[in-house]
Amino acid sequence: MASFLYFILPALGGYTLTSLYLLKNPQILHKKKRAAFHCTHISHRGGSGERIESTMEAFTHAVEQGTGMLELDCHLTLDGHVVVSHDDNLLRQTGHDVTISSLNLEDLPLYKDRLEVTFNEGRYSTGTDRKFTLLEEVFRKFPKMPVNIEIKEDNSLLMEKASNMVKQYDREDLTVWATEDSTIMKKCRRTNSTMPYSFSMRRGLQLLLLYYSGLLPFVPLGESFLQFYLPRIINRTYIPEERLLKNRMVIYLIEKLTMRKSLFKHLAKRGIQVHLFVCNEDPDIEAAFKAGATGVMTDYPTLLTDYLHRHRSQD
């Protein structure tokens, strides 16, 4: 036993020191990713707290407020159009219990005239535009604006049509694949491998395991973005449906395990942007940047713009 410890302890010590050194200096083993854009201001669903979510009015308003990226979700209509919408079932957004996939484009109902902000319970947004918009219309109107596309359903035709539009509008370096589902992400990557992409949920868990085991500095990463909840918003501005997430101890543990500044700094040095969401109050925006986020996602683009302007002037 003594002879075993004689060899293993120095080896573990050397491994630990090497891992910590490379965590702080990842450029030794990894070439830094060179993204076509770097954004600190991301508008969630186009800024769903200031205009009705995912409408052209919302996207236009966010761009006017100086956003650096539009975040949106896509679904496919029965007649094959790629529609920007968070939900496939339209009950929450329109009051009609129908799905986008069961309707032709011309039959889609209008959004409600007042829509509750998902990540700011009890607050509502309004606007003059209540129509669903097409992904192609977003690309056409904002040709140089980075767009984060979340694919929520395992639909190969949807992925193919979205990819074809990205190619058609020559924006493969400006459009990001995003999804929580690792199987869907693999299919997105097979459909278009030139687009940057974010960590899926499973890959995010693997990232944490690599970080805590000390292996992260030695492992190559294909992702260009890490997008994750800021845990402190849960049960405050965002009330989850999952019973487990209503437990304060669970949220405390999630925050302690995930909000690791050394992890975020390491990713940033490797050219991987870290976006925390959805931050709808100044203290949450401040907490996100303090944790090491390179960008913040919000429902209130004007609020985030004002925050960034104030702190840039202070700096």
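This structure is a prediction, so every number in the text was calculated from the model and none was measured.

Rules and cut-offs
Residues numbered from 1 in each chain as written. Predicted model: local features only at pLDDT ≥ 70, side-chain atom pairs only at ≥ 80, totals over all residues. Heavy atoms only, no water. Helix = DSSP H or I, 4+ residues; strand = E, 2+ residues; numbered from the N terminus. Rg over C-alpha atoms; globule rule 2.2 N^0.38 Å. Buried < 20%, exposed > 50% of the residue type's maximum accessible area, 1.4 Å probe, protein only. Contact = heavy atoms within 4.5 Å. Areas by Shrake-Rupley, 256 points an atom, 1.4 Å probe, with all protein chains shown as cover. Polar contact = N/O pair within 3.5 Å; in protein donor to acceptor, adjacent residues only side chain to side chain. Core = buried A, V, L, I, M, F, W, Y, C linked by side-chain atoms within 4.5 Å. Right-handed = clockwise from strand over helix to strand, strands pointing away. Patch = residues over 30% accessible without salt bridge, like charges linked within 9 Å, V, L, I, M, F, W, Y side chains within 5 Å. Salt bridge = Lys/Arg side-chain N within 4 Å of Asp/Glu carboxyl O. Arc of directions from axis to C-beta. UniProt positions renumbered as here; feature names shortened; annotations may be inferred. Expected span 1.5 Å × (residues − 1).

Draft legend 1. Inspection of the overall build of the protein at higher detail. In terms of regular secondary structure, the protein is built from 11 helices and 11 strands. In terms of overall size, the protein behaves like a compact globule, its C-alpha atoms giving a radius of gyration of 21 Å where 315 residues would be expected to give roughly 20 Å. With the C-alpha coordinates aligned to their principal axes, the bounding extent of the protein is approximately 75 × 40 × 40 Å. For the protein, the proportion of its 315 residues judged to be buried stands at 50%. Counted over contacts in the protein with a minimum sequence separation of 6, partners at least 24 positions apart contribute 66%. For the protein, the accessible surface area stands at approximately 15700 Å², while carbon and sulfur atoms represent 54% of it.

Draft legend 2. Representation of the side chain of threonine 179 within the structure. Structurally, the position occupied by threonine 179 is in the loop between β8 (175–178) and α6 (182–191). Residue class for threonine 179 comes out buried when judged on its relative accessible area of 6%. Among the polar contacts listed, one links the side chain of threonine 179 to the backbone oxygen of isoleucine 151, at a separation of 2.7 Å. At a separation of 3.3 Å, a polar atom in the side chain of threonine 179 contacts the main-chain amide nitrogen of aspartate 181. If we skip the residues at most four places from it in the chain, threonine 179 touches Glu150, Ile151, Ile184, Met185, Ser198, Phe199 and Ser200.

Draft legend 3. Structural view of the nonpolar core. Among the nonpolar cores identified, the biggest contains 42 residues, and Leu207, Leu216, Leu230, Leu263, Phe264, Leu267 and Leu276 are the most heavily contacted of them. For this core, the secondary structure elements donating two or more residues are α7 (201–213), β9 (225–229), α9 (261–269), β10 (273–277), α10 (282–291), β11 (295–298) and α11 (301–314). For phenylalanine 264, the contacting residues outside a window of four places in its chain are Leu226, Thr258, Met259, Val274, Leu276, Ala291, Gly292 and Ala293.

Draft legend 4. Representation of the side chain of threonine 133 within the structure. Along the chain, threonine 133 turns up in strand β6 (residues 133–134). Side-chain polar atoms of threonine 133 contact the side chain of glutamate 137, separated by 2.6 Å. In contact with threonine 133, other than residues within four places in its own chain, are Ser54, Met56, Phe59, Val83, Val84 and Val138.

Draft legend 5. A look at the pairing of β8. Neither face of β8 is open: one carries Thr175 and Trp177, the other Val176 and Ala178, and all of them are buried. Handedness of the strand β7 (residues 147–151)-helix α5 (residues 156–168)-β8 crossover: right-handed.

Draft legend 6. Region of the structure containing a nonpolar patch on the surface. Judged by side-chain polarity, Tyr15, Tyr21, Ile28, Leu29, Leu215 and Phe218 come together as a nonpolar surface patch covering roughly 550 Å² of accessible area. Structurally, tyrosine 21 is set in helix α1 (residues 2–24).

Draft legend 7. Spotlight on α10. Among the residues making up α10, those that are buried are Asp284, Ile285, Ala287, Ala288 and Ala291. Viewed along the axis of α10, the buried residues span an arc of 160°, placing them on a single side of the element.

Draft legend 8. A look at the UniProt feature "domain: GP-PDE" (unreviewed entry) in the protein. Mapped onto the present numbering, the UniProt feature "domain: GP-PDE" (unreviewed entry) falls at residues 39–308. As annotated, residues 39–308 comprises 35% helix and 16% strand, and the C-alpha atoms at either end are separated by 12 Å.

Draft legend 9. Just α5, in detail. Compared with the 18 Å implied by 1.5 Å per residue over 13 residues, the 18 Å span of α5 between its first and last C-alpha is a close match. Contacts from the buried residues of α5 go to β2 (69–76), β3 (82–84), α4 (135–141), β7, β8 and α6. Its side-chain oxygen placed 3.0 Å from the backbone nitrogen of leucine 157, asparagine 155 serves as the N-cap of α5. Aspartate 170 sits one or two residues past α5 and shows a positive phi near 50°.

Draft legend 10. Looking closely at the UniProt feature "transmembrane region" (unreviewed entry) in the protein. The positions UniProt marks with the feature "transmembrane region" (unreviewed entry) are residues 6–23 and 209–230. End-to-end, the C-alpha atoms of residues 209–230 are 19 Å apart, and along that stretch the chain is 23% helix and 23% strand.

Draft legend 11. Inspection of the pattern of salt bridges at higher detail. Tallying each qualifying case throughout the model produces 13 salt bridges. Residue lysine 152 is joined to aspartate 73 by a salt bridge in which the shortest nitrogen-to-oxygen separation is 3.5 Å. Pair noted here: lysine 152 is in the loop between β7 and α5 and aspartate 73 is in strand β2, with a separation of 79 residues, a long-range link. For aspartate 73, a relative accessible area of 0% gives the class buried. A salt bridge links arginine 232 to aspartate 284; the shortest N-O distance between them is 2.6 Å. Of this pair, arginine 232 sits in the loop between β9 and α8 (248–258) while aspartate 284 sits in helix α10; the two residues are 52 residues apart in sequence, bridging distant segments of the chain. The class for arginine 232 is partly exposed, based on a relative accessible area of 32%. In this structure, a network of salt bridges that share partners links the residues Arg45, Glu53, Asp87 and Arg92.

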